[in-house]
Amino acid sequence: MAKNPKVVADSVLEALGGKENIYRVSHCATRLRVELHDDQKLDKQAFDSIPGVSGYFFQSGQHQIILGTGFVNKVFAELVNQGVAEEQGEKEEPSGGSNKTKIQQLTKTFADIFIPVIPVLIATGLLMGLRGLLINGFGMEMSDTVLVLSQVLTDTAFTFIPVFVAWSAMKTFGGSPVLGVALGLMLVAPQLPDKWAVTFGDAEPLLLPFLGFDIPITGMQSSILPAVFMGWLAATIEKKARKFVPEALDLILTPFITLLFSLVLGLIMVGPLILGIENLITSGIMYFFELPFGIGGFVYGGAIQFLTITGMHHTIVPISVKMVAETGYDLINPIGTAAIAGQAGAAIAVIIQQKNKIKRSNMYGSVIPAFLGITEPVMFAINLPKVKPFFFGCLGGAVGGGLASILGIAAQGTGSTMLPGLLLYIGDGFFQYILVILVALATSFLVTFAAYREKQEAEQPALNYKVNHG
């Protein structure tokens, strides 16, 4: 029977304590992500009996309801139709303050900033793969005009990524998103020397005399952390400015103050320092993945799902984006794919052992998204509740990740993994990428099938699993 998004939205809303109890709601590819005014009003057990809900867990200060690819968009739209805004009211913190750690807060902030940006990066990556398929797979020759147009499609998002990030950061930190767009454009303004032209000696940076020193100024094409900093800084300045600017002059003075001070502090003073830190982090990550004998890939492939449990995997996104923007390749992508394939293989072994047809049917709904590159449903609904399959899945990810590093394969874009990621390897590492997936999946499947036995009588439905860090 087809799932009814309105019925599911009504049931989810009731379990969350009603519309008035929602402080903020958003969604990613498979999950509703909800923050509540009063967590005590939440009925976690109710999610077990809602058709269409594959699982629930609490992570990084958010109640996350697993609904699945595509269906989550329909349920979210129904919530909006019922008057649930993305953010409503003032958040009332407990008397003891927020119960989220600094790491949880940082992770959530990165997630809030980059989740809205990811779709355009995925689309751009797939376009890169499609061009590779046409040129390398079918031998198509493109005219100069068509080639330029294809480059506009594939290169624009990564070149102007500071614009997207500054917009999203400004929105996340409570500022006016349009000012974030303006600041992001200033970071890549054509009047400034192009960062890459300066790097390769084809242009000279602007020099600003300051206290006897010359401060070099360049554009910040493809930069991530400076744009995040700019969004935070501008949102902070804007909110403070509104406190003392008269209402009659707010429309004129507040944007003026925000843009002026954000540009001076962000582009000229603090921005270059943040850019240097970003370059240092990226260089360190690149060195790690280039360690001999696939060590970097083995470690990352086995450990990344532990970060996913806490939500800290979102901190890897800016590194991947910057890597593609600077080199045109993503070394992390095939290793992350191996980690997902490992969890999928372990889950399939569990499903095969499951004799209860209803339970087995529900499990299939959680494992399918893994083959589309989304690991949370299979991990939270099947592997983590049973503990051992999760670790066996990590083992498969480690073996596949180590193989990916040894083979030296890299994606020609970012954002897409598993089957959708195939397009990113057309003409360069296609069959090696498939081999990595198969090795990771087979390793975890065989180990799980041999070493784990499903407790058919005592085992509770896997979809009842809940993680509560609160």
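Quick notes on the packing of helix 7 (residues 177–187) against helix 10 (residues 250–289)
Working step 1: Closest axis-to-axis distance for the helix 7/helix 10 pair is 11 Å, and the angle between their directions is 35°. Crossing hand, helix 7 versus helix 10: right-handed. The residues of helix 10 that touch helix 7, namely those facing L179, A182, L183, M186 and L187, are P255, T258, L259, S262, L263 and L267.
Working step 2: For the contact of helix 7 with helix 10, the residue count by class is 9 nonpolar, 2 polar and no charged.

Digging into the sheet that holds strand 2 (residues 31–36)
Working step 1: Taken in spatial order, the 4 strands make up an open sheet running 1-2-4-3, and their pairing is antiparallel. The outermost strands of the open sheet, each flanked by one partner alone, are strand 1 (22–27) and strand 3 (55–59). The sheet shows a mean angle of 20° between the axes of neighbouring strands, direction not considered.
Working step 2: Pairing geometry for strand 2 and strand 4 (residues 62–66), over 4 bridges, is antiparallel. Each bridged residue has a counterpart across the sheet, and for L32 the counterpart in strand 4 is I65.
Working step 3: Set on the sheet, helix 15 (residues 376–386) makes contact with strand 2, strand 3 and strand 4; between it and strand 4 the angle comes to about 90°.

Section: the pairing of strand 4
Working step 1: Taken across its 5 residues, strand 4 has 5 buried, putting it largely inside the fold.
Working step 2: Going residue by residue along strand 4, you find Q62, Q64 and I66 tucked away on one face and H63 and I65 tucked away on the opposite face as well.
Working step 3: Sheet topology note: the strand 3/strand 4 ladder contains 5 bridges and is antiparallel. The residue bridging G55 from the neighbouring strand is I66, located in strand 4.

Scoring rules and cut-offs
- Residues numbered from 1 in each chain as written.
- Predicted model: local features only at pLDDT ≥ 70, side-chain atom pairs only at ≥ 80, totals over all residues.
- Heavy atoms only, no water.
- Axes fitted to C-alpha atoms, helices over the stretch in contact; angles between N-to-C directions.
- Helix = DSSP H or I, 4+ residues; strand = E, 2+ residues; numbered from the N terminus.
- Left-handed = near helix turned anticlockwise from the far one by under 90°.
- Contact = heavy atoms within 4.5 Å.
- Nonpolar A, V, L, I, M, F, W, Y, C, P; charged D, E, K, R; others polar.
- Pairing = 2+ DSSP bridges.
- Buried < 20%, exposed > 50% of the residue type's maximum accessible area, 1.4 Å probe, protein only.

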